[in-house]
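Each chain, written out:
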Amino acid sequence: MNASSAREARMGQVLLDLQNLSLSFGGVKALTDISFDVREHEIRAIIGPNGAGKSSMLNVVNGVYTPQQGRIVFDGKPFARMNPRRAAEMGVARTFQNLALFKGMSVLDNIMSGRNLRMKSGLFAQALRWGPAEREETAHRAFVENIIDFLEIQAWRKVPVGRLPYGLQKRVDLGRALAMEPRLLLLDEPMAGMNMEEKQDMSRFILDVNDEFGTTIVLIEHDMGVVMDISDRVVVLDYGRKIGDGTPDEVRQNPEVIRAYLGVTAGEPVAHA
Ligand SMILES: Nc1ncnc2c1ncn2[C@@H]1O[C@H](COP(=O)(O)OP(=O)(O)OP(=O)(O)O)[C@@H](O)[C@H]1O
Ligand SMILES: [Mg+2]
């Protein structure tokens, strides 16, 4: 069995089914009638030119934006809209195109902040470190230390995040999302601004998360090499519309996708690479 059929065999039921979603901001149509699904254990990429609606798509899934039309079915349950709290409780975590970390806080504390939703005892008991709260805190710290080992950032665990190079900050942001133990991980351009080596490291971490924890991943990425290497299926957006959907090979050969990327107007002959 080759690598891609091995992946295909592991992919499970549909975890997230997006049906006919439309979203506009005043006159700007960010998304028009978008439908696609994400299967359990899959790495699903969303690609498209700037302003295509990729980040908006993730914001609809995690409840930050409310679509005017369509519905979201997560794990068999339909929703006309999500809200961020419910999405988090159902196991949706995300990283951000522009990092959303506490720059003055250490790596450890930033990743710990992703753990809050999982903590049962109130902040008051935690602050006083009373009995059960203290034991719970110890267990959460151990979990976070495991993430730090997994992401190979032990050497920086006490360093304020603002002092780290950008590539490492992106890794901490991934750690913060992993601390939520997500079922579905939404990654908005996790390799943006990285050099080759940092991109390779990040690709490996994403594949390892998917492999070792079975996490389903939706990934927005501009680097085509990365997308083609690590994703099972790819959705292509352009001006808020879906213009392609399929395996990396299918998408690569889709004439409409080629046109969108090469900027060739419809009707002109398209050069095939
Ligand atoms: N909060 C908002 N208010 C108004 N318009 C918005 C808002 N968020 C997104 N848009 C608009 O929706 C469209 C899609 O934006 P979006 O950020 O989803 O694109 P994108 O594909 O993520 O682009 P990029 O590759 O540049 O990150 C753009 O025209 C953008 O200006
Ligand atoms: Mg974006």
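Conventions used here
- Residues numbered from 1 in each chain as written.
- Chains lettered and ligands numbered in written order.
- Predicted model: local features only at pLDDT ≥ 70, side-chain atom pairs only at ≥ 80, totals over all residues.
- Heavy atoms only, no water.
- Near = heavy atom within 4 Å.
- Polar contact = N/O pair within 3.5 Å; in protein donor to acceptor, adjacent residues only side chain to side chain.
- Helix = DSSP H or I, 4+ residues; strand = E, 2+ residues; numbered from the N terminus.
- Nonpolar A, V, L, I, M, F, W, Y, C, P; charged D, E, K, R; others polar.
- 1 Å grid on protein atoms, 1.4 Å probe; cavity = no way out; pocket = protein on both sides within 12 Å on 5 of 7 lines; lining within 4 Å.
- Points joined across faces, edges and corners; volume = space filled by probe spheres on them.
- Buried < 20%, exposed > 50% of the residue type's maximum accessible area, 1.4 Å probe, protein only.
- Pairing = 2+ DSSP bridges.
- Domains from an automatic or database assignment.
- Expected span 1.5 Å × (residues − 1).
- Arc of directions from axis to C-beta.
- Contact = heavy atoms within 4.5 Å.
- Salt bridge = Lys/Arg side-chain N within 4 Å of Asp/Glu carboxyl O.

(A) Layout of the site of ligand 1. Within the structure, ligand 1 sits among 15 residues, and Gly51, Lys54, Ser55, Ser56 and Gln97 are positioned closest to it. Ala52 has a polar backbone atom sitting 3.1 Å from an oxygen atom of ligand 1. Within the backbone of Gly53, an N or O atom sits 3.0 Å from an oxygen atom of ligand 1. Those elements giving two or more residues to the shell around ligand 1 turn out to be β2 (28-39) and α2 (54-61). Looking at the shell around ligand 1, the element that brings in the most residues is α2, giving three residues. Partitioned by chemical class, the residues of the shell around ligand 1 number six nonpolar, seven polar and two charged.

(B) Highlighting empty space enclosed by the protein. The tally for this structure, following the rule as stated, stands at one cavity of 30 Å³ or more. Taken as a whole, the largest cavity encloses approximately 40 Å³ of empty space. Lining the largest cavity we find Thr95, Phe96, Lys170, Asp173, Leu174, Leu187, Pro190 and Met202. Per element, the largest residue contribution to the lining of the largest cavity is three residues, and it comes from helix α7 (residues 166-178). Tallied by class, residues from the lining of the largest cavity come to five nonpolar, one polar and two charged.

(C) Structural context of the pairing of strand β6 (residues 92-95). Burial of β6 is two-sided: the residues Val92 and Arg94 facing one way and the residues Ala93 and Thr95 facing the other way are all buried. Relative to strand β7 (residues 184-188), β6 runs parallel, the two being bridged by four bridges. By the bridge assignment for β7, Val92 is matched with Leu184.

(D) Structural detail: α2. Among the eight residues that make up α2, seven are buried, leaving the element largely enclosed by the rest of the structure. Immediately downstream of α2, the backbone of Gly63 shows phi near 85°, a positive value.

(E) Up close: the layout of surface pockets. A volume near 400 Å³ is recorded for the largest pocket. Where the lining of the largest pocket is concerned, the elements lending two or more residues are α3 (84-89), β6 and α4 (107-113). Among the residues making up the lining of the largest pocket, the classes are represented as 12 nonpolar, five polar and two charged. Both domain 1 (1-91 + 182-199 + 215-273) and domain 2 (101-181) contribute no fewer than three residues apiece to the lining of the largest pocket.

(F) Region of interest: helix α8 (residues 196-213). In this model, α8 (18 residues) spans 26 Å end to end at C-alpha, consistent with the 26 Å of a helix rising 1.5 Å per residue. For α8, the set of buried residues is Lys199, Met202, Ser203, Phe205, Ile206, Val209 and Asn210. Buried residues along α8 cover an arc of 160° about the axis, so they all sit on one side. Turned more than 90 degrees away from the buried face of α8 sit Met196, Glu197, Gln200 and Glu212, all of them exposed. The distance from a side-chain oxygen at the start of α8 to the backbone nitrogen of Glu197 is 3.1 Å, and the residue carrying that oxygen is Asn195.

(G) The arrangement of the environment of Gly175 in detail. Summarising the element assignment, Gly175 is placed in helix α7. In this structure the C-alpha to C-alpha distance between Gly175 and Gly114, which are 61 residues apart in sequence, comes to 8.2 Å. Contact partners of Gly175, with chain neighbours within four places excluded, come to Ile111, Ile147 and Leu151.

(H) Spatial organisation of the pattern of salt bridges. One pass over the full model with this rule turns up 17 salt bridges. The shortest N-O distance in the salt bridge between Asp75 and Arg183 comes to 2.8 Å. Residue Asp75 is found in the loop between β4 (69-74) and β5 (77-79), and its partner Arg183 is found in the loop between α7 and β7; the two are separated by 108 residues along the sequence. Its relative accessible area of 34% is what places Asp75 among the partly exposed residues. Overall, Arg183 belongs to the partly exposed group, its relative accessible area being 31%. The partner of Arg176 in a salt bridge is Asp173, and the shortest N-O contact between them spans 2.7 Å. With Arg176 and Asp173 both in helix α7 and three residues apart, this pair spans about one turn of that helix. By relative accessible area, which is 12% here, Arg176 ends up buried.

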